[in-house]
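Residue-level structure breakdown
Here's the letter readout for the chains.
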Amino acid sequence: MKLGSSLCILNVGGRRFSFPADLMKRLPLSRLSRLHGCVSESELLELCDDYDRDRNEFFFDRHSDAFSFIMLYVQHGKLRFVPHMCELSFYNEMLYWGLESSDLQPCCQRRLDDRMSDCFVHFFPEEEPRGPEEPQSRWLERMRRTFEEPTSSLVAQILASVSVLFVVISIVMLCASTLPDWKATETLVQHRIIEGVCIGWFTTECLIRFLVSRDKCEFVRRPLNIIDLLAIMPYYVSVTVTILTGENSQLQRAGVTLRVLRMMRIFWVIKLARHFLGLQTLGLTLRRCYREMVMLLVFICVAMAIFSALAQLLEHGLDLESGNQDYASIPAACWWVIISMTTVGYGDMYPVTVAGRVLGGVCVVSGIVLLALPITFIYHSFVQCYHELKVRSARCSHSLSAEPLN
């Protein structure tokens, strides 16, 4: 059903706004643009609360003052908060009409970020209600929660603790296998037995989680599951090569590739992120702050290029015969720049001329300033991600505790 006439009336919270029908499809409000394309009354009622066919009037039970400010944005291109209205409430109105926080003026964006940070409020997609489940589906869902959500039940907590124990054992054995005293034949046999038990547990856990997952393709694409695969596969590759080539073959003795594959088992440490909120927060922060991380790397690279060139010139370039040989090249000076900017200062190389020492002081101070600038944004994002994951965990625990009551 097309719009009834050339004039459309929007009744928002009791206030009426009139628009030409052609103008509605050009408005930067996705809800109104979709409203113009509806072909049936049922589609209209999915986007508005009520519809009057005779007057071609659409009713919305929303905040009228907020919508009037949104219309000012449509007319003049500047969106600001309604005075004396909660920033979060106005942001909800924006999301309803199809706007994002990027449409706000910069001053209002900062107000919204501060408000959300102070209240630890984040907007999560609500889970769709599910119909009655069959006994088999209910059993699979319970299994999925047991292996995916360590706080869902006592059995899940026990399994998570056993998994963490196996991770710790495997890492300790990996570190101990590099000790000279562990090269004996009996010790190697014991090490392989323990390693095989740990790999068996990880493989069984991964297979069960894959079988009970809702979406198999989504399961394979998850970063933690990819890490699980990277940690498990080297063991089977090493065993296969050993079976095919023999224990004392030339390939085994030269086995640089096999040693690299075995060392990839260090990825088991990342498996702890499945059970610890802190590691999950770190991963989520790095994913959301990749622009700030790139900016930080760019700052460091630019400073390295400038200070390394100047250091090589002042310490070695002005006197090629008796100059400081530690700064014989710009790449060698880059090492000194990076440990100076990060205030590590190993002392393995240092400037000896007066000009070089002045440059070193400037390099250290510049490193403190350059590193501090983007780290502030990363810190705030870390705090928000931490509280967001805490809210999600609390919601999950609340829903799981309420499930037996239902």
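Further up the page is the structure itself.
Here's what I pulled together on the structure shown here. Residue positions are given per chain, counted from 1 along the sequence in the order it is written. Predicted model: local features are reported for residues with pLDDT of at least 70 only, side-chain atom pairs are reported and counted for 80 or more only, and whole-chain, interface and lining totals are derived from all residues. Side-chain metrics in this entry use all non-hydrogen atoms of the structure; hydrogen atoms and water are not considered.

1. As for the side chain of glutamine 312
For the record, the criterion: In DSSP terms, a helix is any run of H or I states spanning at least four residues, a strand is any run of E spanning at least two, and both are numbered starting from the N terminus. Only protein chains enter the accessibility calculation, which uses a 1.4 Å probe. A residue is then buried if its area is under 20% of the maximum for its type, exposed if over 50%, and partly exposed in between. N or O atoms within 3.5 Å of each other form a polar contact, as long as, within protein, one can give a hydrogen and the other can take it, and as long as residues adjacent in sequence are counted only when both atoms are side-chain atoms. In this analysis, two residues are considered to be in contact whenever any of their non-hydrogen atoms come within 4.5 Å of each other.
Summarising the element assignment, glutamine 312 is placed in helix H15 (residues 290–317). Among the residues examined, glutamine 312 registers a relative accessible area of 16% and is labelled buried. Reaching out from glutamine 312, the side chain makes a polar contact with the backbone oxygen of alanine 328 at a distance of 3.5 Å. Among all residues touching glutamine 312, those that are not within four sequence positions of it are Gly317, Tyr327, Ala328, Ser329, Ile330 and Ala333.

2. Some points on the nonpolar core
For clarity, the cut-off: Think of a nonpolar core as a cluster: buried Ala, Val, Leu, Ile, Met, Phe, Trp, Tyr and Cys residues, connected wherever their side-chain atoms sit within 4.5 Å.
Leu10, Leu32, Phe58, Phe60, Phe67, Phe90 and Trp97 are the most contacted members of the largest nonpolar core, which has 36 residues in total. For this core, the secondary-structure elements that each account for two or more residues are strand E1 (7–12), strand E2 (15–20), helix H2 (30–36), helix H3 (41–47), strand E4 (57–60), helix H4 (64–76), helix H5 (87–97) and helix H6 (106–119). A per-element tally of this core places H5 first, with six residues. Formed by 16 residues, the second largest nonpolar core is a distinct cluster that contains Met304, Tyr327, Met341 and Leu359.

3. Digging into the packing of aromatic side chains
As a reminder of what qualifies: Stacked, tilted and edge-to-face are the three classes assigned to paired rings of Phe, Tyr and Trp, where Trp is represented by its six-membered ring and a pair needs centres within 6.5 Å; plane angles under 30 degrees give stacked, over 60 edge-to-face, the rest tilted.
With the rule as written, the count across this model stands at ten aromatic pairs. Where phenylalanine 17 meets phenylalanine 67, the ring centres are 4.9 Å apart and the plane angle is 75°; that geometry is what we call edge-to-face. Linking phenylalanine 17 in strand E2 with phenylalanine 67 in helix H4, this pair joins segments that are 50 residues apart in sequence. Here phenylalanine 17 and phenylalanine 67 have matching classes, each one buried.

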